[in-house]
Amino acid sequence: MEPVHLIVNGNAVSAAADPETPLLDILRNQLGLMGTKFGCGLEQCGCCMVLVDGIPEKSCGKLLSAVAGKEIVTIEGLGTPERPHLLQQTFIDEQAGQCGYCLPGILISAKALLDRNPSPSRKEIAEALDDNICRCGSHIRILRAVERAARLMREGAVR
Ligand code: FES
Ligand code: FES
């Protein structure tokens, strides 16, 4: 089996697996990146979202062969507990979540949004998060957290 080379959170890695293996399995089971969650496995819930060359994609439906040579960013690539990404901090500040299971995927989608649109309306935020389901019903606080991060970024806070 030819290893597939990709870049994950800035590091070159190679994965030796069936090319039809979902990227989610590679991230969690081979690379030990457990922040990306398995929810439905059917591209319906968004909790497995990662950035693939800057675009949010559901990693449960993305085959290893389709990400060869691509740049992947997972939740571990956003920030650390010591140095959280601004979005991670505003989610904490707004208490935007209960169980937190959906949040890695939501943070990835929110980051992609703010990277391309620093001043999203609430409607645009909701649309950008349309593929992410929060079963705890924290949607309003999640919207507030993204709005707060966008405002702070516009005011000059470091991403
Ligand atoms: S686990 Fe991938 S969309 Fe639900
Ligand atoms: S905080 Fe529990 S699913 Fe979103």
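Read on for a plain summary of the structure. The shown structure was predicted, so the numbers you read here are calculated from the model rather than taken from an experiment. All chains use their own residue numbering, which begins from 1 and follows the written sequence. Labels are handed out in written order, letters beginning with A for the chains and numbers beginning with 1 for the ligands. Residues qualify for local features only when their pLDDT is at least 70, as the model is predicted, and side-chain atom pairs are given and counted only at 80 or more; totals for whole chains, interfaces and linings, by contrast, use all residues. Side-chain calculation: all heavy atoms of the structure are included, whereas hydrogens and water are not.

### Re the overall build of the protein
Inference 1: Going along the chain from the N terminus, every DSSP run of H or I of four or more residues is numbered as a helix, and every run of E of two or more is numbered as a strand. Summing up its helical and strand segments, the protein has five helices and five strands in all.
Inference 2: Going from the N terminus to the C terminus, the protein shows its helices and strands as β-β-α-β-β-β-α-α-α-α.
Inference 3: Relative to the globule expectation of 15 Å for 159 residues, the C-alpha radius of gyration of the protein, 15 Å, shows essentially globular dimensions.
Inference 4: With the C-alpha coordinates aligned to their principal axes, the bounding extent of the protein is approximately 50 × 30 × 25 Å. It is over C-alpha atoms that the radius of gyration is taken, and the globule rule equals 2.2 Å times the number of residues to the power 0.38.

### Topic: the pattern of salt bridges
Inference 1: Any Lys or Arg side-chain nitrogen located within 4 Å of an Asp or Glu carboxyl oxygen qualifies as a salt bridge. Tallied over the entire structure, the rule returns nine salt bridges.
Inference 2: One salt bridge in this structure joins D115 and K111, with 2.8 Å as the shortest N-O distance. Residue D115 and its partner K111 are located together in helix α3 (residues 103–116), separated by four residues, close to a single helical turn.
Inference 3: Partly exposed residues are those whose accessible area sits between 20% and 50% of the maximum for their type, while under 20% is buried and over 50% is exposed, using a 1.4 Å probe and protein chains only. Of the residues examined, D115 reaches a relative accessible area of 42% and is grouped as partly exposed.
Inference 4: Take K111: its relative accessible area is 18%, and that puts it in the buried class.

### Some remarks on the sheet that holds strand β5 (residues 71–73)
Inference 1: For two strands to be treated as a pair, DSSP must find no fewer than two bridges joining them. Read across the sheet, five strands follow the order β2-β1-β5-β3-β4 without closing on themselves; strand pairing throughout is mixed. Of all strands in the sheet, those bounded by a partner on one side alone are β2 (11–15) and β4 (55–58). Strand-to-strand twist of the sheet, defined as the mean angle between neighbouring strand axes without regard to direction, takes the value 40°.
Inference 2: Pairing of strand β1 (residues 4–8) with β5, which is carried by two bridges, proceeds in the parallel orientation. Helix axes are fitted to C-alpha atoms over the stretch in contact, other axes to C-alpha atoms as well, and angles between N-to-C directions run from 0 to 180 degrees.

### Details of the packing of helix α2 (residues 86–93) against α3
Inference 1: Following both chains from N to C, one finds α2 and α3 inclined at 125°, their axes separated by 10 Å at the closest point. One finds that α2 runs oblique with respect to α3. As α2 runs across α3, the sense of the crossing is right-handed. For the pair formed by α2 and α3, the contact residues are L87, Q88 and F91 on the first element and L103, I106, L107, A110, K111 and L114 on the second.
Inference 2: Any residue outside Ala, Val, Leu, Ile, Met, Phe, Trp, Tyr, Cys, Pro, Asp, Glu, Lys and Arg is labelled polar, Gly included; the first ten of those are nonpolar and the last four are charged. Split by residue class, the contact of α2 with α3 holds seven nonpolar, one polar and one charged. Here the word oblique covers every angle except those under 35 degrees (roughly parallel), over 145 (roughly antiparallel) and from 65 to 115 (roughly perpendicular). For a crossing to be left-handed, the near helix must be turned anticlockwise from the far one by less than a right angle; the clockwise case is right-handed. Contacts are assigned to residue pairs with any non-hydrogen atoms lying within 4.5 Å of each other.

### With respect to the environment of L23
Inference 1: On the secondary structure map, L23 appears in helix α1 (residues 23–30).
Inference 2: By relative accessible area, which is 0% here, L23 ends up buried.
Inference 3: As a C-alpha pair, L23 and M153 span 130 residues in sequence and 31 Å in three-dimensional space.

### Concerning the packing of α2 against helix α5 (residues 139–154)
Packed helices, taken two at a time, are described by their axes: the angle between them and the distance between them.
Inference 1: Where α2 contacts α5, the two axes come as close as 8 Å, and the packing angle between them is 130°. In this view, α2 runs oblique relative to α5, as classed from their interaxial angle. The handedness of the crossing between α2 and α5 comes out as right-handed. Contacts between α2 and α5 involve L86, L87, T90, F91 and D93 from the former and I142, A145, V146, R148, A149, L152 and M153 from the latter.
Inference 2: Class assignment for the residues of the contact of α2 with α5 results in nine nonpolar, one polar and two charged.

### Describing the pairing of β2
Inference 1: Sheet topology note: the β1/β2 ladder contains five bridges and is antiparallel. Following the sheet pairing, I7 is matched in β2 by A12.
Inference 2: Hairpin connection between β1 and β2: a loop of two residues separates the two successive antiparallel strands, and N9 in this loop has a positive phi of roughly 50°.

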